[in-house]
Amino acid sequence: MCVGMPGQLVEIFVDEHAAIVDVAGVRRRVNVGLLLDDEGIAVGDWVLIHVGFAMAKIDEAEARDSLVAIEELASVYGDELAELMESD
Amino acid sequence: MRFVDEYRDPTGARSLVREITALAKDDHFKFMEVCGGHTHTIYRHGIEHVLPANVELVHGPGCPVCVIPMGRVDDAIAVASTPGVIFTSFGDMMRVPGSSGNLLEAKARGADVRFVYSPLDALRIAVESPHREVVFFAVGFETTAPSTALTLLRARAEGVNNFRAFCNHVTIVPPIRAILESPDLRLDGFIGPGHVSTVVGNRPYRFVAERYGKPLVTAGFEPLDILQAIAMLLRQIRSGRCEIENQYARVVRDEGNPRALQAIADVFELRPHFEWRGLGFISQSALKLRADFAAFDAELHYDIPGVRVADPKACQCGEVLKGVIKPWECKVFGTACTPETPIGTCMVSSEGACAAYYNFGRLHRDAAVALGRRAT
């Protein structure tokens with residue numbers, strides 16, 4: 001029940017607090033009333049969907065940052081591994 | 001799928017496991033993942049078996065299906081069995097056992113019980129069936145409470161007078177406090193619930209660090225999210241910090257979702273106390289409808305037995321929910337209690353620790369044993 005699904009906004013109906021989202025190729029109508037704040041939403045934005053409601057906008061920059069942090073970690077260990085191999 | 005697949009990358013996972021192993025050294029660490037969604041990910045992806053043996057994960061009380069006591073299920077069945085009522089529920093709740101059967105069995109006996117994906121679906125049924133009374137079984141933490149609240153606000157605005165909610169919403173902070181006060185358990189930190197935090201933000205957890213001196217890292221639901229959160233907890237501990245950090249910043253904002261919090265405040269108020277399976281009565285830990293929504297409150301409208309029912313003696317869900325024992329340490333796990341015929345709630349929901357372990361963990365554990373690796 002608590003697992004959310006990421007979906008991309010395809011069409012927004014502000015007056016109805018509704019939107020059509022694309023979730024892995026399937027289109028579904030969801031309520032976006034919880035996201036109609038000052039920041040707003042736009043077609044193309046990614047949102048997290050939970051029991052028929054868009055709960056949060058997914059921040060693409062933050063999403064990228066956490067992956068970059070993990071990739072950097074991988075390169076640190078990659079370097080260490082390379083040094084270890086060379087030392088043999 | 002975007003925002004899913006990239007967080008399952010095995011190269012990233014290996015790097016994080018190396019970092020966790022290096023940070024943990026030879027010390028033993030015990031972290032609790034509060035949320036059932038995390039428990040599901042941990043078992044599904046075999047995370048316990050890639051971690052070093054001295055980094056232990058303990059499963060917490062954050063599965064809203066698992067914490068509903070038997071008496072409340074009996075109450076739901078009583079409402080569902082009222083003539084003229086269409087009783088709607090998330091699928092997870094359908095097989096949760098009460099003292100005399102579950103909702104599916106009540107349906108087999110003739111009650112009109114229907115599965116819905118969203119409370120808005122329940123409201124639509126009410127609009128389409130004006131001569132019936134439609135009750136929605138509202139369960140869940142702050143993640144689902146706003147959706148129930150918005151649905152009730154809409155029902156009131158549209159004058160849908162045959163729609164009611166049987167409210168069992170619970171709040172996340174009181175059980176975390178109860179766990180911290182519990183003498184049974186020594187924890188080194190928490191993996192904080194990701195989706196609850198999209199609503200409540202990270203600020204409500206400050207007491208965990210400030211009052212109890214434990215770090216908490218709010219995390220997402222993919223394997224790399226969980227591993228990164230564990231690495232962040234260990235980094236804090238190794239650098240002498242104790243903070244509330246956010247691994248899931250792509251979704252969780254520190255202030256949460258103010259609109260969702262407002263919707264909760266508009267529709268609900270705190271109950272003086274509420275019974276949790278395994279944790280007993282916890283004060284101010286659940287929500288009920290405010291007086292101005294009395295017309296939509298199933299508890300005021302129907303004859304609710306409200307009888308407290310003790311769990312079956314063999315069932316150790318309480319200890320599993322508090323993280324005192326692992327699912328497979330329960331006496332009836334996988335024998336008398338299975339997902340097909342559950343005795344306890346933890347075996348019902350896919351987010352329950354026992355069901356997740358039964359469905360995924362056994363295989364990983366068997367494989368680990370076969371490979372001569374750690375088996376717990």
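The structure under discussion appears in the preceding block.
First things first, this report covers the structure right here in the doc.

Analysis parameters
Residues numbered from 1 in each chain as written. Chains lettered and ligands numbered in written order. Predicted model: local features only at pLDDT ≥ 70, side-chain atom pairs only at ≥ 80, totals over all residues. Helix = DSSP H or I, 4+ residues; strand = E, 2+ residues; numbered from the N terminus. Buried ≥ 20, exposed ≤ 12 C-beta atoms within 10 Å, placed from the backbone. Contact = placed C-beta atoms within 7 Å. Rg over C-alpha atoms; globule rule 2.2 N^0.38 Å. Pairing = 2+ DSSP bridges. Axes fitted to C-alpha atoms, helices over the stretch in contact; angles between N-to-C directions. Parallel < 35°, antiparallel > 145°, perpendicular 65-115°, else oblique. Left-handed = near helix turned anticlockwise from the far one by under 90°. Nonpolar A, V, L, I, M, F, W, Y, C, P; charged D, E, K, R; others polar. Core = buried A, V, L, I, M, F, W, Y, C linked by C-beta atoms within 7 Å. Arc of directions from axis to C-beta.

## Section: the overall build of chain A
Moving on, step 1. Summing up its helical and strand segments, chain A has one helix and five strands in all.
Moving on, step 2. In chain A, the succession of helices and strands from N to C terminus is β-β-β-β-β-α.
Moving on, step 3. For chain A, the proportion of its 88 residues judged to be buried stands at 32%.
Moving on, step 4. A fraction of 31% describes how many contacts in chain A between residues 6 or more apart in sequence connect residues 24 or more apart.

## A look at the overall build of chain B
Moving on, step 1. In terms of helices and strands, chain B carries 15 helices and 13 strands.
Moving on, step 2. On C-alpha atoms alone, chain B measures out to a radius of gyration of 21 Å, which is about the 21 Å that the 2.2 N^0.38 rule sets for 376 residues.
Moving on, step 3. In chain B, buried positions account for 55% of the 376 residues.
Moving on, step 4. A separation threshold of at least 6 residues defines the contact pool for chain B, and within that pool the share at least 24 residues apart is 77%.

## A closer look at the sheet that holds strand S3 (residues 85-89) of chain B
Residues and elements named next belong to chain B.
Moving on, step 1. Judged by pairing direction, the sheet is parallel, and its four strands sit side by side in the order S4-S3-S5-S6 without closing on themselves. In this open sheet, the two edge strands, each paired with only one partner strand, are strand S4 (112-115) and strand S6 (163-169). With strand direction ignored, the average angle separating the axes of adjacent strands in the sheet is 25°.
Moving on, step 2. Looking at chain direction, S3 and strand S5 (residues 133-140) are connected through four bridges and run parallel. Of the residues in S5, the one forming a bridge with Ile86 is Val134.
Moving on, step 3. The sheet contacts of helix H4 (residues 70-80) involve S3, S4, S5 and S6, and relative to S3 the element is tilted by about 140°.
Moving on, step 4. Across the sheet, helix H7 (residues 145-157) lies against S5 and S6, angled at about 160° from S6, the strand it touches most.

## Side note on the sheet that holds strand S2 (residues 55-62) of chain B
All names here are of chain B.
Moving on, step 1. Judged by pairing direction, the sheet is parallel, and its five strands sit side by side in the order S2-S1-S7-S8-S9 without closing on themselves. Edge positions in the sheet fall to S2 and strand S9 (244-246), since each has one partner strand and no second. Along the sheet, successive strands turn relative to each other by an average axial angle of 25°, direction set aside.
Moving on, step 2. Taken together, the three bridges between strand S7 (residues 189-192) and strand S8 (residues 216-218) define a ladder with parallel strand orientation. Pairing of Ile191 across the sheet is with Val217, part of S8.

## Remarks on the packing of helix H1 (residues 10-24) of chain B against helix H11 (residues 223-238) of chain B
Residues and elements named next belong to chain B.
Moving on, step 1. Here H1 crosses H11 at 25°, and the two axes come no closer than 9 Å. On the basis of the axis angle, H1 is roughly parallel to H11. As for the relative orientation of H1 and H11, their crossing is left-handed in sense. Contacts between H1 and H11 involve Gly12, Ala13, Leu16, Val17, Glu19, Ile20, Leu23 and Ala24 on the former and, on the latter, Pro223, Leu224, Leu227, Gln228, Ile230, Ala231, Leu234, Arg235 and Arg238.
Moving on, step 2. A breakdown of the residues in the contact of H1 with H11 according to their chemical character gives twelve nonpolar, two polar and three charged.

## Looking at the nonpolar core
Moving on, step 1. Membership of the largest hydrophobic core comes to 138 residues, with the highest contact counts inside it found for Ala54 of chain A together with Ile20, Ala80, Ile230 and Cys354 of chain B.
Moving on, step 2. Sorting elements by how many residues they give to this core places H11 of chain B first, with nine residues.

## Some words on the interface of chain B and chain A
Moving on, step 1. In this assembly, 42 residues from chain B lie in contact with 29 residues from chain A.
Moving on, step 2. Of all the secondary structure elements, the ones that give two or more residues to the side of chain B that touches chain A are H1, helix H2 (36-44), helix H6 (119-128), H7, helix H9 (194-200), H11 and helix H12 (258-267) of chain B.
Moving on, step 3. Its residues assigned to classes, the side of chain B that touches chain A comprises 19 nonpolar, 15 polar and eight charged.

## Re the environment of Arg2 of chain B
Moving on, step 1. Mapping Arg2 of chain B onto the fold places it in the segment before H1.
Moving on, step 2. By C-beta crowding, Arg2 of chain B is classed as partly exposed, having 13 other C-beta atoms within 10 Å.
Moving on, step 3. If sequence neighbours within four positions are ignored, Arg2 of chain B has contacts with Pro6 and Trp46 of chain A.

## What to know about the pairing of S6 of chain B
Residue and element names in this part refer to chain B.
Moving on, step 1. Within S6, seven of the seven residues are buried, leaving the element largely enclosed by the surrounding structure.
Moving on, step 2. Side chains of S6 alternate between two faces, with Phe163, Ala165, Cys167 and His169 and Arg164, Phe166 and Asn168 buried alike.
Moving on, step 3. Relative to S6, S5 runs parallel, the two sharing seven bridges. Counterpart to Ala138 in the pairing with S6 is Cys167.

## A word on H12 of chain B
All names here are of chain B.
Moving on, step 1. Among all positions in H12, only Ala260, Ala263, Ile264 and Val267 are buried. For H12, the angular spread of buried residues about the axis comes to 100°, placing them on one side.
Moving on, step 2. In this structure, the buried side of H12 is in contact with H7, H9, strand S10 (268-270) and strand S13 (287-289).

## As for the pairing of strand S4 (residues 46-50) of chain A
All names here are of chain A.
Moving on, step 1. Burial analysis of S4 places five of its five residues in the buried class, the great majority of the element.
Moving on, step 2. Of the two faces of S4, the one holding Trp46, Leu48 and His50 and the one holding Val47 and Ile49 are both buried throughout.
Moving on, step 3. Relative to S4, strand S1 (residues 5-13) runs antiparallel, the two sharing four bridges. Across the sheet, the residue bridging to Gln8 is Trp46, located in S4.
Moving on, step 4. When S4 meets strand S5 (residues 53-57), the two strands line up antiparallel, connected through four bridges. Bridged to Val47 within S5 is Lys57.
Moving on, step 5. The hairpin turn running from S4 into S5, its antiparallel successor, is two residues long, and Val51 in that turn takes a positive phi close to 40°.

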